[in-house]
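Breakdown of the fold
These are the residues of each chain, in order.
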Amino acid sequence: MLATGAAAVLATGLAVPGSRRLRAQSAPSPAAARRKIGTFEVTVLSDGHLTMPISLLDRSRPDAEIAGHVSAGLTAPGQLAFAINIALVRTPTDLVLIDAGAGGAWQASAGKLADALASAGIALDQISKVIITHTHPDHIWGVVDDLDDSLRFPKAEYFVPAPEWDYWMQADPQALPEAIQSVGAGAKRTLKAIEGKTRRVAPGASALSGFTYVDTAGHTPGHCSVLVGDGSDRLLVTADAVHHATTSFQFPDWQPRADMDGARAIASRRKLLDMAAADKLAVLAYHLPYPGLGRVERTDTAYRWVAG
């Protein structure tokens with residue numbers, strides 16, 4: 001069941017893609033962090049950040065309690081900046097993006113991926129594959145240019161978790177809770193734009209060689225993380241199975257408001273963090289401070305994020 005709190009949070013500053021372009025704000029030039037994963041080279045690009053209420057982190061706790069655990073990351077009273085870290089993976093045959101950012105129709109602090117790619121010396125038409133983890137706006141709206149509705153990566157092939165595709169394509173946006181109707185409409189519109197260039201992949205299966213979907217449903221019905229690697233050296237891209245460097249690890253049973261199925265998201269998060277810690281995986285977290293690279297350690301009661 002869709003949580004009404006998720007609808008309210010996702011609706012913050014949100015418009016259907018193509019409806020308007022927000023005025024760009026000055027931002028530092030996009031930086032890049034690189035890591036070798038076997039024969040792959042991963043470059044973390046910044047799509048900017050989103051400013052969201054701290055109530056996003058748990059649907060039942062008062063803001064004052066949440067703020068006690070995240071005070072170092074507050075940008076203003078009751079507000080947090082959530083980075084948008086996108087993996088660009090160079091393989092021997094492809095340039096692969098994992099998710100596509102927020103585009104230019106949400107918050108002006110986001111939608112910086114095209115600039116980050118340019119700074120990395122990559123033209124948009126060089127991207128050959130785009131692997132989508134789920135269809136929330138900050139992961140998929142960057143697929144379509146909101147000025148002219150063209151595909152931003154015109155030569156790319158797209159991969160989407162099959163349950164995610166099925167849910168949003170079958171949903172009637174007008175039948176969703178009012179505050180999330182724009183999310184549903186934007187998901188359907190974007191998926192239709194790439195329909196002829198998309199492979200729908202089952203959770204647990206490989207989107208392509210070296211890229212495996214890990215079932216982490218709960219945040220959305222078909223949400224998947226991605227395990228990247230062509231051998232024993234692997235990188236786990238979490239997508240939205242985790243949101244914050246403190247709360248997602250110390251309190252994995254908290255229920256973020258944007259998780260559509262809170263209980264299932266908790267189970268997915270614990271499974272993912274157990275795997276990351278046990279297998280000593282390198283991890284890229286989509287919303288942790290740039291570049292979002294680190295690893296997960298177990299503690300007596302939960303987990304700990306170790307950046308670096």
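Below or above, wherever it landed, is the structure these notes cover. (Residues numbered from 1 in each chain as written. Predicted model: local features only at pLDDT ≥ 70, side-chain atom pairs only at ≥ 80, totals over all residues. Heavy atoms only, no water.)

Right, let's talk about the pairing of strand β14 (residues 293-298) for a bit. Relative to β14, strand β13 (residues 282-284) is paired through two bridges, and the arrangement is antiparallel. If you follow Val283 over to β14, its bridge partner there is Gly294. Here β14 pairs with strand β15 (residues 303-307) via five bridges, running antiparallel. Its bridge partner lying in β15, Glu297 is registered against Arg304. (Pairing = 2+ DSSP bridges. Helix = DSSP H or I, 4+ residues; strand = E, 2+ residues; numbered from the N terminus.)

What follows concerns the sheet that holds β14. Strand order in the open sheet made by the seven strands is β9-β10-β11-β12-β13-β14-β15, with mixed pairing throughout. Each end of this open sheet is capped by a strand with a single partner; those strands are β9 (206-208) and β15. Strand-to-strand twist of the sheet, defined as the mean angle between neighbouring strand axes without regard to direction, takes the value 35°. By the bridge criterion, five bridges tie strand β10 (residues 211-215) to strand β11 (residues 224-228) in an arrangement that is antiparallel. Considered in β11, the bridge of Thr212 is made with Leu227. Each of β10, β11, β12 (235-237), β13, β14 and β15 is contacted by helix α8 (residues 262-278), which is oriented at about 95° to β14, the strand it contacts most. (Axes fitted to C-alpha atoms, helices over the stretch in contact; angles between N-to-C directions. Contact = heavy atoms within 4.5 Å.)

Two side chains of opposite charge can pair, provided their charged atoms sit close to one another. Enumeration according to the criterion identifies 15 salt bridges in this entry. Here Asp94 makes a salt bridge to Lys129, at a shortest N to O gap of 3.0 Å. Taken together, the residues Asp94 in the loop between β4 (79-90) and β5 (95-98) and Lys129 in strand β6 (residues 129-131) connect sequence positions 35 residues apart. Classification of Lys129 as buried rests on a relative accessible area of 15%. Among the charged side chains, a network of salt bridges with common partners joins Asp94, Lys129, Glu157 and Arg199. (Salt bridge = Lys/Arg side-chain N within 4 Å of Asp/Glu carboxyl O. Buried < 20%, exposed > 50% of the residue type's maximum accessible area, 1.4 Å probe, protein only.)

Moving on to the packing of aromatic side chains. Within the structure shown, the criterion is met by four aromatic pairs. Note on Tyr167 and Trp168: the rings are 4.9 Å apart at their centroids and 85° apart in plane angle, and the pair reads as edge-to-face. Arranged with centres 4.9 Å apart and planes meeting at 10°, the rings of Phe251 and Trp254 form a pair that is stacked. Of the residues examined, Trp254 reaches a relative accessible area of 5% and is grouped as buried. (Phe/Tyr/Trp six-rings, centres within 6.5 Å; stacked < 30°, edge-to-face > 60°.)

Moving on, we come to empty space enclosed by the protein. In the structure shown here, the tally under the stated rule is three cavities of 30 Å³ or more. Volume-wise, the second largest cavity comes out at about 50 Å³. Leu57, His243, Thr247, Ser248, Phe251, Trp254, Pro256 and Arg269 together form the lining of the second largest cavity. For the lining of the second largest cavity, the per-class residue count stands at four nonpolar, three polar and one charged. (1 Å grid on protein atoms, 1.4 Å probe; cavity = no way out; pocket = protein on both sides within 12 Å on 5 of 7 lines; lining within 4 Å. Points joined across faces, edges and corners; volume = space filled by probe spheres on them. Nonpolar A, V, L, I, M, F, W, Y, C, P; charged D, E, K, R; others polar.)

Before going further, it helps to examine unusual backbone geometry. Omega for the peptide link from Tyr290 to Pro291 comes to 5°, which places this bond in the cis form. For Asp149, which is not glycine, the phi dihedral falls at a positive 65°. Within the fold, Asp149 resides in the loop between α4 (137-140) and β7 (157-161). Given a relative accessible area of 46%, Asp149 falls into the partly exposed group. Positive phi values are uncommon outside glycine, yet Ala239 reaches one of about 55°. You can see Ala239 is positioned in the loop between β12 and α7 (247-250). In this structure Ala239 comes out as buried when scored by relative accessible area, which is 0%.

The subject of this paragraph is the nonpolar core. In terms of nonpolar packing, the biggest core is built from 48 residues, with Ile127 and Phe153 touching the most fellow members. Elements with a contribution of two residues or more to this core: β2 (40-53), α2 (63-70), β4, β5, α3 (113-119), β7, α5 (162-170) and α6 (181-193). Here this core gets five residues from one element, more than from any other, and that element is β4. Excluding residues within four positions of it along the chain, Phe153 makes contact with Leu97, Ala100, Leu113, Leu117, Leu124, Ile127, Val130, Gly142, Val143, Tyr158 and Lys197. Among the nonpolar cores identified, the runner-up in size contains 24 residues, and Ile98, Ile131, Leu208 and Val226 belong to it. (Core = buried A, V, L, I, M, F, W, Y, C linked by side-chain atoms within 4.5 Å.)

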